[in-house]
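These are the residues of each chain, in order.
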Amino acid sequence: MTRLPHSYASLISMRLFRLAWLLALASGLAFATSLAPPRKTSLPDVFLITIDTLRADHVHCYGYDKVETPTLDKLAASGIRFSQAYTPSPITNTSHTSILTGLLPSVHGVTDFAIPLSSEHETWAAFLQKKGYHTAAFIGAVILDSKTLAPGLDQGFDFYDNFPEHAPSKERWGRVERRGMDVVDHAEKWLTAHPTGPHFVWVHLYDPHDPYEPPAPFAEKYKEHLYDGEIAYSDSVLGNFISYLSKHGWYENAIVMVVGDHGEGLGEHHEDTHGIFLYDSTTHVPMIVKLPSQADAGKVVDAQVRTIDLLPTALDLLKVPAPATLNGESLKPLFTETAATDRTAYGETDYPLRFGWAPLRSVRDHGFKFIQAPRPELYDLHVDPKELNNTYAAQNATAAKMRGMLSALKQNAAPKTEADSSGQNSDKLKALGYTAPSGAAADTSSLPDPKDKIEQQNLLHTAMIASDDNRTADARGALEKVLQLDPKQPTALRQIGELELKSGDFAKAAEHLKAAREVRPDDSTAAFYEGQAREKSGDWPGARDALEASLKLTPGQLPARLLLGQVYLKLKDPKAAEDQFEAAQLLDSKSVEAQLGSAEAQIMDNNFADALPPLQSLAQTEDKNPKVFELLGRAYKGLGKNAEAEQAENRAAALSSNH
Ligand SMILES: [Zn+2]
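The rules behind these values
- Residues numbered from 1 in each chain as written.
- Predicted model: local features only at pLDDT ≥ 70, side-chain atom pairs only at ≥ 80, totals over all residues.
- Heavy atoms only, no water.
- Pairing = 2+ DSSP bridges.
- Helix = DSSP H or I, 4+ residues; strand = E, 2+ residues; numbered from the N terminus.
- Axes fitted to C-alpha atoms, helices over the stretch in contact; angles between N-to-C directions.
- Contact = heavy atoms within 4.5 Å.
- Buried < 20%, exposed > 50% of the residue type's maximum accessible area, 1.4 Å probe, protein only.
- Core = buried A, V, L, I, M, F, W, Y, C linked by side-chain atoms within 4.5 Å.
- pLDDT = per-residue confidence, 0-100.
- Donors = N, O, S within 2.8 Å, 3.2 Å for Na, K, Ca; no water.
- Tetrahedral: all angles 85-135°; square planar, octahedral: opposite > 155°, others 65-115°.
- Parallel < 35°, antiparallel > 145°, perpendicular 65-115°, else oblique.
- Left-handed = near helix turned anticlockwise from the far one by under 90°.
- Nonpolar A, V, L, I, M, F, W, Y, C, P; charged D, E, K, R; others polar.

Visitor: Where do I start with the sheet that holds strand E4 (residues 159-161) in this structure?
Guide: Pairing between the strands of a sheet comes from backbone hydrogen bonds, and it takes one of two forms, parallel or antiparallel. Pairing is mixed in the open sheet, where eight strands are placed in the order E4-E3-E5-E1-E6-E7-E2-E8. Two strands bound the open sheet, and with one partner strand each, they are E4 and strand E8 (299-306). Taking each pair of neighbouring strands and ignoring which way they run, the sheet shows an average axis angle of 15°. Relative to strand E7 (residues 284-290), strand E2 (residues 80-86) runs antiparallel, the two sharing five bridges. In the sheet register, Ile80 faces E7, and the bridge partner there is Val289. Packed onto the sheet, helix H8 (residues 226-247) meets strand E1 (46-51), strand E5 (199-205) and strand E6 (255-260) and runs at close to 170° relative to E1. Seen against the sheet, helix H10 (residues 310-317) touches E6, E7 and E8 and runs at an angle of roughly 175° to E6.

Visitor: Can you help me understand the environment of Phe200 in this one?
Guide: Looking at the element boundaries, Phe200 is found in strand E5. Residue Phe200 is classed as buried on the basis of its relative accessible area, which comes to 0%. Sequence separation between Phe200 and Ile255 is 55 residues; the distance between their C-alpha atoms is 9.5 Å. Those residues within four positions of Phe200 in sequence are excluded, and the remaining contacts are Val46, Leu48, Trp124, Ala125, Leu128, Tyr133, His134, Thr135, Ala136 and Phe157.

Visitor: Looking at this structure, how should I read the nonpolar core?
Guide: Soluble globular proteins tend to pack their nonpolar side chains together in the buried interior. Leu48, Phe82, Trp124, Leu128, Phe200 and Trp202 are the most contacted members of the largest nonpolar core, which has 93 residues in total. In contact with Leu48, not counting residues within four places along its chain, are Ile99, Leu100, Trp124, Phe200, Val201, Trp202, Val203, Met257 and Val259. Counting 41 residues, the second largest nonpolar core, distinct from the first, contains Ile51, Val59, Ala136 and Ile288.

Visitor: Sorry if this is basic, but what is going on with the confidence of the model for the chain here?
Guide: Low pLDDT means the predicted atomic positions in that stretch should not be read closely. Confidence in the prediction for the chain averages 89 pLDDT; 88% of positions are at 70 or higher. Within the model, pLDDT remains below 50 along residues 1-40, and this stretch shows 30 contacts once partners closer than five positions in the same chain are excluded. In the predicted structure, residues 437-441 sits below a pLDDT of 50 and forms nine contacts with residues beyond four places in sequence or in another chain.

Visitor: I keep staring at the sheet that holds strand E10 (residues 360-365) and nothing clicks. Help me out?
Guide: The strand order E9-E10-E11-E12 describes an open sheet built from four strands, whose pairing is antiparallel. Each edge of the open sheet is held by one strand with a lone partner, namely strand E9 (345-349) and strand E12 (377-380). Geometrically, the sheet is characterised by an average inter-axis angle of 10° between neighbouring strands, direction not taken into account.

Visitor: Could you clarify how one ought to interpret the coordination of the zinc ion in this entry?
Guide: The reference angle at a metal is 109.5 degrees if four donors form a tetrahedron and 90 or 180 degrees if six donors form an octahedron. On the protein side, the zinc ion has Asp52 (OD), Thr92 (OG1), Asp261 (OD) and His262 (NE2) as donor atoms, found 2.0 to 2.1 Å from it. For the zinc ion, the four donor atoms are set out with angles of 102 to 115° between them, so the coordination reads as tetrahedral. In this structure Asp261 comes out as buried when scored by relative accessible area, which is 0%.

Visitor: Before we go on, may I ask you to explain the packing of helix H21 (residues 574-587) against helix H22 (residues 592-604) in this structure?
Guide: What describes two packed helices is the angle between their axes and the distance between those same axes. Relative orientation of the contacting elements H21 and H22 amounts to 160°, with a least axis distance of 8 Å. Considering their axes alone, H21 and H22 lie roughly antiparallel with respect to each other. In this structure, the crossing between H21 and H22 has a hand that is left-handed. Contacts between H21 and H22 involve Pro574, Ala577, Glu578, Phe581, Glu582, Ala584 and Gln585 on the former and, on the latter, Glu593, Ala594, Gln595, Gly597, Ser598, Ala601, Gln602 and Met604. For the contact of H21 with H22, the residue count by class is seven nonpolar, five polar and three charged.

Now the structure itself:
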């Protein structure tokens with residue numbers, strides 16, 4: 001990629017060039033041959049801004065007067081505002097994948113965190129990269145990190161601003177979440193370093209996602225409604241970005257698209273956050289498109305549209321052929337037509353499966369919404385926009401027709417792929433308030449209706465956030481309430497087990513985790529935690545059984561292998577211990593713990609000769625580790641080398657006392 005110095009002179013000459021071209025066109029003159037042919041930069045830059053967890057009805061230009069969103073208002077005045085835009089998914093990962101592919105969740109297959117996006121589904125960035133665009137993505141949450149929780153979403157991006165592999169601190173900022181200002185700062189730095197266009201830049205602002213913690217002055221100004229404070233903050237961040245673009249001449253000719261990835265329950269339908277239901281509270285999002293030179297400024301389109309229509313629109317505007325397989329359609333015809341027709345909006349959520357509840361499907365069409373659930377729902381939105389009066393009846397013709405539409409959609413569904421189950425991503429998910437995946441039932445028809453369980457989900461979410469903030473008592477209280485409602489709730493049992501494990505009540509932890517595994521025998525993480533709890537409480541056979549069970553389900557877990565090796569040492573079974581430490585070294589050949597474990601097992605087995613050489617080399621590389629010298633002493637002693645043994649023992653003692 002070429003890096004051009006960004007000089008003011010080159011900007012001016014570019015503007016003069018454009019001006020000359022426009023004048024030539026306007027006056028009907030043939031394009032002067034003395035001018036160079038249009039450069040690649042005549043293609044408009046494309047800036048896609050996704051604002052997480054943004055309800056349409058909490059934005060000022062969508063009629064909400066308790067928040068100030070001057071940037072969004074101004075963008076709407078400079079572009080086209082879609083008053084009725086819907087996301088097909090109420091969760092971040094799935095929803096963004098739909099925006100970036102123009103496909104429904106069941107078609108792109110990314111229906112859960114960490115499910116890879118198949119390379120057969122081309123992304124927005126990939127389409128534009130082929131057209132000569134310089135592409136970059138700037139994300140605000142680790143949920144969209146392409147190395148961990150969103151594999152494959154980086155397809156087509158020259159640069160994808162993932163999170164650092166090793167978090168700089170234990171704080172959530174920088175580890176699992178970035179403030180909008182940091183996201184935009186990264187994007188601006190990249191643009192400054194890569195001034196050659198055309199650009200496709202995706203900026204993701206995560207701030208309105210809970211917990212609601214806007215920075216000053218928004219925390220004070222919106223202290224009674226902090227969610228709105230996060231929205232106002234995001235708007236100010238967007239304002240900063242737009243100013244930057246204007247200052248560098250990248251705004252006027254650009255296509256700017258702003259969209260919410262999903263809304264927020266805010267207690268409607270008893271849902272505090274999002275992910276479980278498909279009501280408008282979490283699926284109706286703001287959507288604004290600013291065209292080059294502010295064409296069609298101030299237009300409002302009231303026809304029902306979808307967030308999957310954005311990609312086909314961009315392709316249409318840039319004259320890039322869109323594959324016929326896209327579920328979305330270009331919105332361009334709606335820019336000019338006055339009486340545009342509604343588009344059918346589908347909704348899909350598999351998130352309830354994480355809790356053992358039925359997944360939901362919905363269709364919003366001609367002023368009706370049908371939700372396929374164990375207890376189906378039908379709302380006449382003309383008279384019941386808040387979806388409060390379920391008019392579903394088995395014989396209802398509208399419901400039957402809409403059910404048929406959902407069945408037809410199923411034909412195109414992608415085959416199910418399993419999410420990553422190594423367990424390494426679950427901590428990051430938890431820090432963001434999501435429960436880790438667990439074995440989903442193959443047959444979902446017998447699962448409970450999420451409507452009957454939403455109170456549990458709210459409590460589980462509260463517990464997760466409290467636990468991550470180290471508010472143990474709050475977390476325990478919420479989890480105990482869930483278990484009062486449903487003593488066999490597997491997510492609650494596992495969470496409370498983890499919580500007791502962390503707070504040191506190992507016997508209680510082991511009991512809860514055992515109960516969790518009885519409900520979900522395929523939960524390898526619960527088994528690993530139970531192994532830890534039993535090991536800590538000195539129950540070696542119990543620890544062995546739980547860890548063996550965990551590793552049978554998920555063989556690639558290094559910490560579980562290491563712990564099982566230690567447990568076998570405690571059980572005085574050096575052969576079995578060595579097997580585990582060898583397996584651990586296959587997973588990570590550099591693991592010092594695995595090498596030390598192997599050596600210790602060999603010493604226990606009186607195999608001093610084999611234990612010695614690796615310990616001697618560890619003594620060079622790990623010369624501050626007392627365990628190395630302690631084992632070295634024992635190996636020398638076993639070989640009858642008493643002088644060396646004594647020297648190693650002294651070194652071990654000296655290092656230990658330094659600790
Ligand atoms: Zn989201």
